[in-house]
Each structure stands twice: as structure tokens, then as C-alpha cells.
Amino acid sequence: MDLGACTLIHDPALKADYRRDPDRKKYAYELDALDHLQAFIRDSDHRTELAKAKLRETQEELTDEAQQKAEKINALSEQIGTKLARAEQLGADGRVDESLDLMREVEELNKEKSRNESELRTAIPTSTYQQQKLRVCEVCSAYLGIHDNDRRLADHFGGKLHLGFIEIREKLAELRQVVQTEQIVRRRRFEGYNRSTFSREVEKQRETSRHRERSRDRKHRSRSRSRSRSHSRHRTKRHSSRSNGRHSRDRRYRSSRDRSEDRR
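Keep in mind that this is a model prediction, so the values were computed, not measured.

## Considering helix α4 (residues 96-123)
The first and last C-alpha atoms of α4 sit 41 Å apart over 28 residues, in line with the 40 Å expected at 1.5 Å per residue. Restricting attention to buried positions, one finds in α4 the residues S99, L102, V106, L109, K113, N116, E117 and L120.

## Some remarks on the packing of aromatic side chains
Two aromatic rings are characterised by how far apart their centres lie and by the angle between their planes. Tallying each qualifying case throughout the model produces two aromatic pairs. Both rings, one in Y18 and one in Y29, keep their centres 5.3 Å apart while their planes meet at 65 degrees; by these two values the pair is edge-to-face. With Y18 in helix α1 (residues 12-20) and Y29 in helix α2 (residues 29-58), the pair connects residues that are 11 residues apart, well separated along the chain. On the basis of relative accessibility, which here comes to 26%, the residue Y29 falls in the partly exposed class. Their ring planes at 25 degrees and their centres at 5.5 Å tell us that F40 and F165 sit as a pair that is stacked. Separated by 125 residues along the polypeptide, F40 in helix α2 and F165 in helix α7 (residues 160-182) bring together distant segments of the chain. As far as the burial class goes, F40 and F165 line up, both buried.

## Concerning the state of the cysteines
Enumeration according to the criterion identifies zero disulfides in this entry. Free of any disulfide, C140 has its nearest neighbouring cysteine sulfur in C137, separated by 3.7 Å.

## Focus: the confidence of the model for the protein chain
On average, residues of the protein chain score 76 in pLDDT, and 72% of them reach the 70 mark or higher. Here residues 188-193 scores under 50 on pLDDT; set against residues more than four positions off or in separate chains, the count is seven contacts.

## Regarding the packing of helix α3 (residues 64-92) against α4
At a minimum axis separation of 9 Å, α3 and α4 run at an interaxial angle of 160 degrees. In terms of axis orientation, α3 runs roughly antiparallel to α4. Where α3 crosses over α4, the handedness of that crossing is left-handed. Considered class by class, the residues forming the contact of α3 with α4 number 13 nonpolar, six polar and 10 charged.

## Examining the side chain of S44
Mapped onto the elements of the fold, S44 is located in helix α2. By relative accessible area, S44 is classed as buried at 0%. Apart from the residues lying within four places of it in its own chain, the contact partners of S44 are V139, C140, S141, F165 and R169.

## With respect to the side chain of S77
By secondary structure assignment, the location of S77 is in helix α3. Classification of S77 by relative accessible area gives buried; the value is 2%. Beyond its immediate chain neighbours, meaning those up to four positions away, S77 contacts K113, R135, L153 and F157.

Basis of the calculations
- Starting from 1, residues in each chain are numbered consecutively following that chain's sequence as written.
- With pLDDT at 70 or above as the cut-off, local features in this predicted model cover only qualifying residues; side-chain atom pairs require 80 or more to be listed or tallied, and sums for whole chains, interfaces and linings still use all residues.
- The side-chain quantities take in all heavy atoms of the structure and omit both hydrogens and water.
- Counting from the N terminus, the helices are the DSSP runs of H or I reaching at least four residues and the strands are the DSSP runs of E reaching at least two.
- Take the residue count of a helix, subtract one, and multiply by 1.5 Å to get its expected span.
- Per-residue accessibility, obtained with a 1.4 Å probe over protein chains only, is compared with the maximum for each type, and a residue is labelled buried under 20%, exposed over 50%, and partly exposed between these values.
- Each pair of aromatic rings taken from Phe, Tyr and Trp, with Trp reduced to its six-membered ring, is defined by centres within 6.5 Å and is described as stacked if the planes are under 30 degrees apart, edge-to-face if over 60, and tilted in the remaining cases.
- Cysteine sulfur atoms are paired as a disulfide whenever they fall within 2.5 Å.
- What pLDDT conveys is the predictor's confidence in a given residue, as a value from 0 to 100.
- In this description, contact between two residues means that some pair of their heavy atoms is separated by no more than 4.5 Å.
- Helix axes are fitted to C-alpha atoms over the stretch in contact, other axes to C-alpha atoms as well, and angles between N-to-C directions run from 0 to 180 degrees.
- Roughly parallel means an angle under 35 degrees; roughly antiparallel means over 145; roughly perpendicular covers 65 to 115; every other angle is labelled oblique.
- Less than a right angle of anticlockwise turn of the near helix away from the far helix marks a crossing as left-handed, whereas a clockwise turn marks it as right-handed.
- Three classes are used, and their members are as follows: Ala, Val, Leu, Ile, Met, Phe, Trp, Tyr, Cys and Pro are nonpolar, Asp, Glu, Lys and Arg are charged, and the others, Gly among them, are polar.

What follows is the structure in C-alpha cells.
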């Protein structure tokens, strides 16, 4: 699921300033984030319900007792997949003892899952049991095989899509708590903070920063040119001094030679 690049500004410095601002509640950014995540999760839950409805059309409905068994099996499968993915990550990080502890828990869960599958198999007709091949993940609305092995379960529950939805749902719950605790409400535009004004202020600060950088660059280039001209003048003066010295020695040599010839 690709939502594309975010069009908003993500600046750690602005985020830190916002968190330190005592009047930050009037900006109501938490409400904006809450609305965005709620819409995202609402869409995901809608897809989950549609997928469940589609499965109900193709799979025979279970009795209440069988449905409870199936739900328990699904819950055990999720625990197995999550713990197995976690155990693999711990092993990759070198935390072998913790990884082995989780693997032992996975073995116990597999035994419990097998017992429940046997009970479900005896509680419903064979044809009905064989039809129960798919279910829908309540977190990310993806299809899962009821009879998937541990490897496939770990790939799903430890995958980026599933973990990403978990993080979104946790963040949504956190934002709801923040909004409720701090009593953040959305004010009317003239009572609250003008977002366009804030954007202009941010752009103004950035332009000022760019202007300062350009000024520093110009000063640096100017100093570099000054040093270059100074070195050039020094080399020219030194070359001129050497040339004058050579001319003076030549004149003295010729004068001495002329006097020697006159004495002869």
C-alpha cells in the first residue's frame, strides 16, 4: 500500500519548537493527525468487513461452538507467528537465550493449536472443514490461510505491512488519549492560529538562513581572492627582485671585464 510522498513539512527542529511551545494546543496539529489516521484506519476496517463478507459467500457458516474454536485457533496462530518472528529477530541480534525461550513458547502454542484443530475437525462436517481455507487479518485486512504453517505465519505477522498497521493503530490510540487528556479542541479560524501565516513565517526563516549562507559564501570567496592577489603580488615582487639582481651582477661583470682589457 503506497500512499506516496507526504506533502507536509517534516522538520525535527520545528517539531521540537512545537513541543516546547506552551500555547501549542491552539494549533490543534494533534487533531489533524488524529483525523488523518482515523480516516486511514476506517478505510482499512471497511476493507476488512468487505473481505469477510466475501468469504461468507464462499464458505459455509459455522455453528457458534465451531466459530469459537476457529477464533481460538486464529488467535493461537497470530501468537505463534508473532513470537516466531520475534524469536528470529532476537537470534539475529545475538540474544540467543531469549530467542530459545520464545521458541519453547511457540512449541507449546503449536500443541494447543493442534488440539483445537482436532476438536474443530470433529465438531463440523469434513466438507465444511475443508472449505475453511481463508480468514481476514483484523489488523491489516490481508487474507490469511487458516492452515498456514509457522513459516508463513511468521512472514505475515513479522512483515512490514502488518507491523506498520500495528504502529498506526497504537499511534491512533495515543493521539486519542492526548487529545482527551489535554482537552485539545479545534477553534474557528479567527480564534485559532492561521496556518498560512505560520507557513509564511517558516519560509521567511528559511530564506533568511539561505541569505546568511550566501553572505558567508561571498565573504569566503572574497577572502580567497584577496589571498590569491596577495600571493600573486608577492611572487611578482620576488621575481622582479631576482631579475634586478641578475641585471646588477651582469653590469658589474661587464664593467670589471672592460677594466681588465684596458689594463692590458
